[in-house]
Amino acid sequence: MDTLNPAAFVNAELLRMHVGRRVRAVIQVLRNDDGSITGKSTDEQELVVKGHPSSPPTTFVEVIGIADSNRTIQAEIWTNFGDNFDVSSYNTICQLANGDFKHLFI
């Protein structure tokens, strides 16, 4: 983890609190368009990730990048998470990392 430039754990709802900052999110890929991927966040809302992954995306992808708006991320790093992923647990981590336990996350 980059401790000098940390990325906040976000879902679509929390993304709006971090516009202009570095974030990390997991999405379920719904559509792969030229230059962007539309996906479903762990809180069931749609997000658009701009950029080009270095390899074909799997069903679930983690992206780290800059929150452009309350619904878009400009990706810097893409990590394939495979075709099975526990979205509920990740969503809980997002809530904890932005709530009472924020001090435990960089």
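In what follows, the structure referred to is the one given above.
The structure presented is a predicted model; accordingly, all values stated were derived computationally and were not measured.

S.K.: An account of the pairing of strand β5 (residues 60-67) is requested, with residue identities and associated values reported.
M.R.: Regular strands show a simple pattern: their side chains alternate between the two faces of the sheet. For β5, the tally of buried residues reaches seven of eight residues, placing the bulk of the element in the interior. Pairing geometry for strand β2 (residues 22-33) and β5, over seven bridges, is antiparallel. Its bridge partner being in β5, R24 is matched across the sheet by I64. Between β5 and the antiparallel strand that follows it, strand β6 (residues 72-80), lie four residues.

S.K.: Quick one: what's the story with the pairing of β2, residue by residue and with numbers?
M.R.: Pairing analysis gives two bridges linking strand β1 (residues 8-9) to β2, with the strands arranged parallel. Bridge pairing in β2 places F9 opposite R24. Alignment of β2 against strand β3 (residues 36-41), held across six bridges, turns out to be antiparallel. Paired with R31 across the two strands is T38, which belongs to β3.

S.K.: Any details on the nonpolar core? Residues and values, ideally.
M.R.: Core analysis: the largest hydrophobic core is formed by 22 residues, its most contacted members being V10, L15, V23, V49, V63, I73 and W78. For this core, the secondary structure elements donating two or more residues are β1, α1 (12-15), β2, β4 (46-50), β5, β6 and α2 (87-97). Ranked by residues supplied to this core, first place goes to β2 with four residues. With near-sequence residues (within four places) excluded, V49 lies in contact with I27, G35, S36, I37, V63, I73, A75 and W78.

S.K.: How would you explain the packing of aromatic side chains if you had to name every residue and give the values?
M.R.: Think of a pair of aromatic rings as described by two things: how far the centres are apart, and how the planes are tilted against each other in angle. In total, this model carries five aromatic pairs according to the counting rule given. Consider the rings of F9 and Y90, whose centres lie 6.0 Å apart with planes at 55 degrees: the pair is tilted. Placement of the pair is F9 in strand β1 and Y90 in helix α2, with a sequence separation of 81 residues. In this structure F9 comes out as buried when scored by relative accessible area, which is 14%. Residue classification places Y90 among the buried residues on the basis of a relative accessible area of 6%. Through successive ring pairs, a cluster of aromatic residues spans F9, F60, F81, F85, Y90 and F105. The cationic tip of R24 hangs over the ring face of F9; the distance from NZ or CZ to the ring centre is 5.3 Å.

What counts and how
- Residues numbered from 1 in each chain as written.
- Predicted model: local features only at pLDDT ≥ 70, side-chain atom pairs only at ≥ 80, totals over all residues.
- Heavy atoms only, no water.
- Buried < 20%, exposed > 50% of the residue type's maximum accessible area, 1.4 Å probe, protein only.
- Helix = DSSP H or I, 4+ residues; strand = E, 2+ residues; numbered from the N terminus.
- Pairing = 2+ DSSP bridges.
- Core = buried A, V, L, I, M, F, W, Y, C linked by side-chain atoms within 4.5 Å.
- Contact = heavy atoms within 4.5 Å.
- Phe/Tyr/Trp six-rings, centres within 6.5 Å; stacked < 30°, edge-to-face > 60°.
- Lys NZ or Arg CZ within 6 Å of the ring centre and 35° of its normal.

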